[in-house]
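Architecture at a glance
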Amino acid sequence: MSEAKTKTGGCLCGAVRFELADAPTEYGACHCTMCRKFSGGIEMSVQVPAGGLAWTQDAALRTFASSEWAERGFCGTCGSSLFWRMTAPGPMQGMMSLSAGALDSLDGLAFTTEVYIEQKPETHAFAGDRRRMTEAELLASMGIDPNA
């Protein structure tokens, strides 16, 4: 992988490390209850297509099925939150929402999106304009029926 086109990252203790095939250009925030519990606050993340990440160290990587259609990944040694990944069959299977804090650097990334905005605590607010989506809007964009 070309140095100029990659971003690297990992967990707090270094037991889990990864490299992205293509450096992301943007990141977003999720205000859903599960992300807040998983990250301890607002989950800032970058979208990674299926196959867009290579684990360079993963012996401590653990996953938890957090819903019928997704799993969350974390370091089994230090507990760092690492990702949310689509497990349901379909065109988005394998898509990952990688915790932005797990990247070694956020340099060059623009903050472009907030999702689950109807679930954000009223005291949380980011300055600036960006795309904001409700749970229903986000799930519809992913082809998921929240009532199924």
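The structure under discussion appears in the preceding block.
A short tour of the structure in this document, coming up. Small disclaimer: the values here were computed from a predicted structure and weren't measured. (Residues numbered from 1 in each chain as written. Predicted model: local features only at pLDDT ≥ 70, side-chain atom pairs only at ≥ 80, totals over all residues. Heavy atoms only, no water.)

Some details on the overall build of the protein
Test applied: Only DSSP runs of H or I covering at least 4 residues are called helices, and only runs of E covering at least 2 are called strands; the numbering of each starts at the N terminus. Throughout, radius of gyration means the C-alpha value; the globule benchmark is 2.2 Å times the number of residues raised to the power 0.38. Throughout, exposure labels follow a simple rule: accessible area from a 1.4 Å probe, protein chains only, divided by the maximum for the residue type, with under 20% read as buried, over 50% as exposed, and the rest as partly exposed. Any two residues whose heavy atoms approach within 4.5 Å at even a single point are treated as in contact. Positive: Lys, Arg. Negative: Asp, Glu. His and the chain ends are not part of the count. Taken as the charge centre is NZ of Lys, CZ of Arg, CG of Asp or CD of Glu, depending on the residue.
Counting its regular elements, the protein contains 2 helices and 11 strands. Along its sequence from the N terminus, the protein presents helices and strands in the succession β-β-β-α-β-β-β-β-β-β-β-β-α. Relative to the 2.2 N^0.38 estimate, which gives 15 Å for 148 residues, the radius of gyration of the protein is 15 Å and therefore close to what a compact globule would have. The principal-axis extents of the C-alpha atoms in the protein amount to approximately 35 × 35 × 30 Å. Counting the 148 residues in the protein, one finds 39% classified as buried. Across the protein, the fraction of contacts at a sequence separation of at least 24, relative to all contacts at a separation of at least 6, is 51%. Charged side chains of the protein number 12 positive and 17 negative; the gap between the two group centres comes to 3 Å.

Here we look at the sheet that holds strand 7 (residues 70-75)
Sheet strands line up and pair through hydrogen bonds in the backbone, either parallel or antiparallel. Let me state the cut-off plainly: Each pair of strands is called paired provided DSSP finds at least two bridges between the two strands. For helices, the axis comes from a line fit to the C-alpha atoms of the stretch in contact; other axes are also lines fit to C-alpha atoms, and the angle between any two N-to-C directions lies between 0 and 180 degrees.
Ordered in space as 6-7-8-9-4-3-10-11, the 8 strands form an open sheet in which the pairing is mixed. The open sheet is flanked by strand 6 (61-65) and strand 11 (131-133), the only strands paired with a single partner. Taking the axes of each pair of neighbouring strands and ignoring which way they run, one obtains an average angle of 30 degrees across the sheet. Where strand 6 and strand 7 come together, 5 bridges link them in antiparallel fashion. Note on strand 7: the bridge partner recorded for F64 is R72.

So, the packing of aromatic side chains
Applied cut-off: Each Phe, Tyr or Trp ring, with Trp reduced to its six-membered ring, pairs with another whose centre is within 6.5 Å; inter-plane angles below 30 degrees give stacked pairs, above 60 give edge-to-face pairs, and intermediate values give tilted ones. In our convention, an over-ring charge means Lys NZ or Arg CZ found within 6 Å of a ring centre and within 35 degrees of that ring's normal.
Tallying each qualifying case throughout the model produces 5 aromatic pairs. A ring pair is formed by W69 and W84, whose centres lie 5.9 Å apart and whose planes are at 75 degrees; its orientation type is edge-to-face. Note that W69 is positioned in the loop between strand 6 and strand 7 and W84 in strand 8 (residues 81-86), a separation of 15 residues in sequence. Both rings, one in F111 and one in F126, keep their centres 4.9 Å apart while their planes meet at 80 degrees; by these two values the pair is edge-to-face. In this pair, F111 sits in strand 10 (residues 110-115) while F126 sits in the loop between strand 10 and strand 11, placing the two residues 15 residues apart along the sequence. A network of ring pairs unites the aromatic residues F18, W55 and F83 as a single cluster. When the ring centre of F38 is taken as origin, the NZ or CZ atom of R72, which lies over that ring, is 5.3 Å away.

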